[in-house]
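Chain by chain, the residues:
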Amino acid sequence: MGTIISLLNQKGGVGKTSTCHHLAGTFAKDGRGVLLIDNDPQASLSQGFWGPDATRRIGAAESVAALYNTDLAPIPEALIRPTGFDRISIVPGSRHLTPFNMLPRPAWPDSECGMRDFLNEVRDGFDLTLIDCPPNLHLCSWAALVASNFLIVPLSPEDYGAQGIIDVQESVAMAQAGPNPALRLLGFLITMHDKRLGIHTAYETLLREMYGSDVFASPFPLAKDFKEAVASRMPISHYKPKSAPAKAAKAVAEEILERIANRTQDVRRVA
């Protein structure tokens, strides 16, 4: 059964989308099939493959918005698109997602399970599904938590980047107490880390003191190659496969697989 992972932080600009983009390439290079879910009305993950103009032309029924529309019966063949890279597929994001994400909480039960039901239908066709969430805790992020096996919280090693952790933890606890008791935290992933900056080193130390082994040992470094790769519509694994950033992405990918295996073993022991 394929593993579903949400990447979520209430704070924007911490590297959620970039992390999904580059991890997908790294996993695919290693022979794993990856499904990306662009679950953000900004649709930045989709733009990273096709550019803004092509992404904007994607209709509501052909995008992730279809998973929230109770009047539609999403057809996998209509939603899952090739990215142009072997073993990487995507359900594209769309501006049409905005009105669903802004629904008041009392209206959530009508739409919160659409993504889960869809992924339960298609997950076995992929080794990994990565869900890129918006920088808030509205319906789209909640639906991702309902649908996921695991959660990764990307955060930059600065005060603003770490501010959303507590609210995310509360949302995880709500999901575990309600529609998804099997949801588990895979870890806090430090992104855009510059070891030359004292503030980054200090915050990394603080995060590890606070959260211990829940913090990934391997960070995503701050590197222009990541941005250049996205600008070239490519994951770093394909843009500069032998570069230090590509090696860093591979280290994170390997740690993700190790953590999945360890969490799965822990659940089996408890059972």
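Here, the structure is the one placed above.
Residues numbered from 1 in each chain as written. Predicted model: local features only at pLDDT ≥ 70, side-chain atom pairs only at ≥ 80, totals over all residues. Heavy atoms only, no water.

A. Fine view of the packing of aromatic side chains. Tallied over the entire structure, the rule returns five aromatic pairs. Ring geometry for Phe220 against Phe226: centres 5.3 Å apart, planes inclined by 55°, an arrangement best described as tilted. Taken individually, Phe220 and Phe226 each receive the classification buried, so the pair is uniform in this respect. A cation over a ring is seen here: Arg259 above Phe216, with NZ or CZ 4.4 Å from the ring centre. (Phe/Tyr/Trp six-rings, centres within 6.5 Å; stacked < 30°, edge-to-face > 60°. Buried < 20%, exposed > 50% of the residue type's maximum accessible area, 1.4 Å probe, protein only. Lys NZ or Arg CZ within 6 Å of the ring centre and 35° of its normal.)

B. A look at helix α9 (residues 165–177). Here α9 spans 18 Å end to end across 13 residues, near enough to the 18 Å set by a 1.5 Å rise per residue. Turning to α9, its buried residues are Ile165, Val168, Ser171, Val172 and Ala175. Considered in projection along α9, the buried side chains sweep an arc of 125° and stay on one side of the axis. Pointing more than 90 degrees away from the buried face of α9 are the exposed residues Ile166 and Ala177. (Helix = DSSP H or I, 4+ residues; strand = E, 2+ residues; numbered from the N terminus. Expected span 1.5 Å × (residues − 1). Arc of directions from axis to C-beta.)

C. Representation of the side chain of Asp38 within the structure. Note that Asp38 resides in strand β2 (residues 34–38). Lacking a salt bridge, the buried Asp38 has Lys16 as its closest oppositely charged neighbour, with an N-O distance of 10 Å. Polar contacts involving the side chain of Asp38 include one to the main-chain amide nitrogen of Leu45, which spans 3.5 Å. (Lys, Arg positive; Asp, Glu negative; His and termini not counted. Salt bridge = Lys/Arg side-chain N within 4 Å of Asp/Glu carboxyl O. Polar contact = N/O pair within 3.5 Å; in protein donor to acceptor, adjacent residues only side chain to side chain.)

D. Representation of the nonpolar core within the structure. Ranked by internal contacts, the top residues of the largest apolar core, which has 44 residues, are Tyr68, Met115 and Leu119. Contributions of two or more residues to this core are made by β2, α6 (114–122), α7 (139–147), β6 (150–155), α9, β7 (184–190) and α10 (198–211). Among the elements that make up this core, the one with the highest residue count is α7 (eight residues). When residues no more than four places from it in sequence are discounted, the contact partners of Leu119 are Ile4, Leu35, Ile37, Thr129, Ile131 and Ala147. Judged by nonpolar contacts, the second largest core, of 31 residues, contains Ala24, Phe49, Leu128 and Leu186. (Core = buried A, V, L, I, M, F, W, Y, C linked by side-chain atoms within 4.5 Å. Contact = heavy atoms within 4.5 Å.)

E. Region of interest: the environment of Lys11. The topology assignment puts Lys11 in the loop between β1 (3–7) and α1 (16–29). Among the residues examined, Lys11 registers a relative accessible area of 31% and is labelled partly exposed. As a C-alpha pair, Lys11 and Gln163 span 152 residues in sequence and 7.2 Å in three-dimensional space.

F. Representation of the pairing of strand β5 (residues 128–132) within the structure. Counting buried residues along β5, five of its five residues qualify, which places the element largely inside the surrounding structure. Side-chain alternation along β5 places Leu128, Leu130 and Asp132 on one buried face and Thr129 and Ile131 on a second face that is also buried. Where β1 lies against β5, five bridges are found, and the strand directions are parallel. Bridging from a neighbouring strand, Ser6 pairs with Ile131 of β5. As paired elements, β2 and β5 share five bridges and run parallel to each other. The partner of Leu35 across the bridge, within β5, is Thr129. (Pairing = 2+ DSSP bridges.)

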